[in-house]
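Spelled out from the first residue to the last, the chains are:
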Amino acid sequence: RKEVEQDPGPFNVPEGATVAFNCTYSNSASQSFFWYRQDCRKEPKLLMSVYSSGNEDGRFTAQLNRASQYISLLIRDSKLSDSATYLCVVNANDYKLSFGAGTTVTVRA
Amino acid sequence: DVKVTQSSRYLVKRTGEKVFLECVQDMDHENMFWYRQDPGLGLRLIYFSYDVKMKEKGDIPEGYSVSREKKERFSLILESASTNQTSMYLCASSLVRGVEAFFGQGTRLTVV
């Protein structure tokens, strides 16, 4: 079983729509969780950290469910510029960050 | 502002060549990482380092080695490049363990 699993998508949504997707992780001892955004042929960039039960940053909301071992990302009022691949990242031990393969979101006009 | 710089954006090397990928960070971060990213496989950890001259194997270290002689610099070495090492290589650093990592712009290596 992979340490971090994501629905690859793609999620195709119109501008202004809300889109949400999940990520599951296998290590119940995981402590830190992150969402990264990666544009085509570019490096991943930190979108937000998820350290407690969840947090919000503008149109983006991340939720953590430790009991079921998943985190989610919700994007409200989608913009064309939100089109990207979203990577779920979990800290499975002290040093190693484990990455999901990514969820692709395409926002259409 | 956090800055991680990789020496090359694109490289083309021949099979059997020794290849050096360089990475420099200017944030005084303790930890540095080398990942490779392939379609459908996501990012896979090759090696990481948590201190100068310290290194640890990641998930796919075979065919690679690393060097960290100075805190700000982490080098990835392909001892004898092979075509299955054609990939995007991403260097990252983090301040301490368990926190977010910041990435360089990536090196797209093609081995022919």
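Residues numbered from 1 in each chain as written. Chains lettered and ligands numbered in written order. Predicted model: local features only at pLDDT ≥ 70, side-chain atom pairs only at ≥ 80, totals over all residues. Heavy atoms only, no water.

## A closer look at the overall build of chain B
- Looking only at helices and strands, chain B features zero helices and eleven strands.
- Order of helices (α) and strands (β) in chain B, N terminus to C terminus: β-β-β-β-β-β-β-β-β-β-β.
- Taken against the 2.2 N^0.38 rule, which gives 13 Å for 112 residues, the C-alpha radius of gyration of chain B at 13 Å falls within 12% of a compact globule.
- By principal-axis analysis of the C-alpha atoms, chain B measures approximately 35 × 25 × 25 Å.
- When the 112 residues of chain B are sorted by exposure, 49% land in the buried category.
- Counted over contacts in chain B with a minimum sequence separation of 6, partners at least 24 positions apart contribute 54%.
- Accessible surface, chain B as shown: approximately 5400 Å² in total, 49% of it carbon and sulfur.
- Considering chain B, the positive charge centre built from 16 side chains and the negative charge centre built from 15 side chains are found 5 Å apart. (Helix = DSSP H or I, 4+ residues; strand = E, 2+ residues; numbered from the N terminus. Rg over C-alpha atoms; globule rule 2.2 N^0.38 Å. Buried < 20%, exposed > 50% of the residue type's maximum accessible area, 1.4 Å probe, protein only. Contact = heavy atoms within 4.5 Å. Areas by Shrake-Rupley, 256 points an atom, 1.4 Å probe, with all protein chains shown as cover. Lys, Arg positive; Asp, Glu negative; His and termini not counted. Charge placed at Lys NZ, Arg CZ, Asp CG, Glu CD.)

## Concerning the pairing of strand β3 (residues 19-25) of chain A
All names here are of chain A.
- Of the two faces of β3, only one is covered, namely that formed by Val19, Phe21, Cys23 and Tyr25; the face formed by Ala20, Asn22 and Thr24 stays uncovered.
- Across three bridges, the pairing between strand β1 (residues 4-6) and β3 is antiparallel. In the strand pairing of β3, Glu5 is matched with Thr24.
- In this sheet, strand β8 (residues 70-75) lies alongside β3 in antiparallel orientation, the contact comprising six bridges. Each bridged residue has a counterpart across the sheet, and for Ala20 the counterpart in β8 is Leu74. (Pairing = 2+ DSSP bridges.)

## A short note on the state of the cysteines
- Under the definition given, this model contains two disulfides over all chains.
- What pairs with Cys23 of chain A in a disulfide is Cys88 of chain A, and their sulfur atoms sit 1.9 Å apart. Measuring the twist about the S-S bond at about -60°, one finds the Cys23 of chain A-Cys88 of chain A disulfide to be left-handed. Taken together, the positions of Cys23 of chain A in strand β3 and Cys88 of chain A in strand β9 (residues 84-91) put the pair 65 residues apart, joining distant regions of the chain. Assigned by exposure class, Cys23 of chain A and Cys88 of chain A land together as buried.
- Through a disulfide, Cys23 of chain B is tied to Cys91 of chain B; the S-S separation comes to 1.9 Å. The chirality of the disulfide connecting Cys23 of chain B with Cys91 of chain B is left-handed, given an S-S dihedral of about -75°. One end of the pair, Cys23 of chain B, is in strand β3 (residues 19-25); the other, Cys91 of chain B, is in strand β9 (residues 87-94), with 68 residues separating them in the sequence. In terms of burial, Cys23 of chain B and Cys91 of chain B fall into one category: buried. (Disulfide = S-S within 2.5 Å.)

## Things to note about the nonpolar core
- In terms of nonpolar packing, the biggest core is built from 23 residues, with Phe21, Phe33, Trp35, Ile71, Leu73, Tyr86 and Cys88 of chain A touching the most fellow members.
- If we skip the residues at most four places from it in the chain, Tyr86 of chain A touches Gln6, Phe21, Trp35, Tyr36, Arg37, Leu47, Phe60, Leu73, Ile75, Gly102, Thr103 and Val105 of chain A.
- Of all hydrophobic cores here, the second largest spans 21 residues; its members include Met32, Ile46, Val66 and Val111 of chain B. (Core = buried A, V, L, I, M, F, W, Y, C linked by side-chain atoms within 4.5 Å.)

## Observations regarding the sheet that holds β3 of chain B
Residue and element names in this part refer to chain B.
- With antiparallel pairing, the four strands of this open sheet are ordered in space as β1-β3-β8-β7. Both edges of this open sheet fall to β1 (4-6) and β7 (64-70), since each of them pairs with a single strand only. Strand-to-strand twist in this sheet, taken as the mean axis angle between neighbours without regard to direction, amounts to 20°.
- Bridging between β1 and β3 involves three bridges; their strand directions are antiparallel. Residue pairing for β3: Val4 is matched across the bridge by Gln25. (Axes fitted to C-alpha atoms, helices over the stretch in contact; angles between N-to-C directions.)

## Digging into the confidence of the model for chain B
- Predicted confidence across chain B gives a mean pLDDT of 94, with 99% of residues reaching 70 or more.
- Per-element confidence in chain B ranges from a low mean pLDDT of 93 for strand β5 (residues 42-49) of chain B to a high of 98 for strand β11 (residues 107-111) of chain B. (pLDDT = per-residue confidence, 0-100.)

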